[in-house]
Amino acid sequence: MLDKVRKGRVFTYHDKYYLYIFKGRNRSQPMNVLYRTEATATGGGRNGNVATTDGAFSAVLVSPKELGGSGAPGNNPEQLFAAGYAACFLGALKFVANQKKVKLADSTNVTASVGLGKRDDGKGFGLDVELKVSVPEVDPAVAKELVDAAHIVCPYSDATRSNLDVRLSLAA
């Protein structure tokens, strides 16, 4: 296997590929931002409201019963994160497939499962994330290559890299 321990961290094939592609990029330097949006949360945080400043999106936030909330109709941050990650990863998958000249079926989809729990260090909360990717009509080996490459390209994957383990699985 291509894993290597360096400064207490295990580097996987994906990390090495990522470092190869983006070598020399200094994350502290500003990047050329192609699009920016803003959203504001008001009220009680998990029990309140969230909306984009352009008015295109708004949601009522309600804590789920599992977290001591009422479970009333509404959404929670984990649902919003799951929806955003699934959509972003699907976009990255389509981008990579296009680059590699692989045709994806319209039924290609990504399901993000996001869980919230107490961190092992006892200092707060963390996320548990799994992306289940369905790439019908594509050879499984090619589909795995596309998913691995999309995990490098996707901005959500980039933002979470080294912060949480995102499990990737191909739907049968």
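Residues numbered from 1 in each chain as written. Predicted model: local features only at pLDDT ≥ 70, side-chain atom pairs only at ≥ 80, totals over all residues. Heavy atoms only, no water.

**Re the pattern of salt bridges**
- Taken as a whole and assessed by the stated rule, the structure comprises four salt bridges.
- Its salt-bridge partner being Glu78, residue Arg46 comes within 2.4 Å of it at the nearest N-O pair. Placement of Arg46 in the loop between strand S3 (39–44) and strand S4 (47–52) and of Glu78 in helix H2 (residues 77–99) is noted, with a sequence separation of 32 residues between them.
- Exposure remark for Arg46: the relative accessible area of 26% places this residue in the partly exposed category.
- Classification of Glu78 as buried rests on a relative accessible area of 11%.
- With a closest N to O distance of 2.8 Å, Lys144 and Asp148 form a salt bridge. Taken together, the residues Lys144 and Asp148, both in helix H3 (residues 140–153) and four residues apart, mark about one turn of the helix.
- When its relative accessible area of 45% is taken as the criterion, Lys144 is described as partly exposed. (Salt bridge = Lys/Arg side-chain N within 4 Å of Asp/Glu carboxyl O. Helix = DSSP H or I, 4+ residues; strand = E, 2+ residues; numbered from the N terminus. Buried < 20%, exposed > 50% of the residue type's maximum accessible area, 1.4 Å probe, protein only.)

**Quick look at the packing of H2 against H3**
- Across the interface, H2 lies against H3 with an axial gap of 8 Å and an inter-helix angle of 115°. Considering only the axes of H2 and H3, their crossing is right-handed. Across the interface between the two elements, Tyr85, Phe89, Ala92, Leu93, Phe95, Val96 and Ala97 of H2 pack against Leu146, Val147, Ala149, Ala150, His151 and Val153 of H3.
- Across the contact of H2 with H3, the residue classes break down as 12 nonpolar, one polar and no charged. (Axes fitted to C-alpha atoms, helices over the stretch in contact; angles between N-to-C directions. Left-handed = near helix turned anticlockwise from the far one by under 90°. Contact = heavy atoms within 4.5 Å. Nonpolar A, V, L, I, M, F, W, Y, C, P; charged D, E, K, R; others polar.)

**Things to note about unusual backbone geometry**
- Notably, Lys101 is not glycine yet its phi reads approximately 60°, a positive angle.
- Looking at the secondary structure, you find Lys101 in the loop between H2 and strand S6 (109–118).

**A look at the packing of aromatic side chains**
- Summed over the entire model, instances satisfying the criterion amount to three aromatic pairs.
- Taking the centre distance of 5.7 Å and the plane angle of 75° together, the rings of Phe81 and Tyr85 count as edge-to-face. Here the residue Phe81 and the residue Tyr85 both occupy positions in helix H2, the gap between them amounting to four residues, near one helical turn.
- Aromatic side chains Tyr85 and Tyr156 sit 5.4 Å apart centroid to centroid with 35° between the ring planes, which places their arrangement in the tilted category. In this pair, Tyr85 sits in helix H2 while Tyr156 sits in helix H4 (residues 155–160), placing the two residues 71 residues apart along the sequence.
- Taking relative accessible area as the criterion, Tyr85 reaches 0% and is therefore assigned buried.
- When its relative accessible area of 29% is taken as the criterion, Tyr156 is described as partly exposed.
- Among the aromatic residues, those joined into a ring-pair cluster are Phe81, Tyr85 and Tyr156. (Phe/Tyr/Trp six-rings, centres within 6.5 Å; stacked < 30°, edge-to-face > 60°.)

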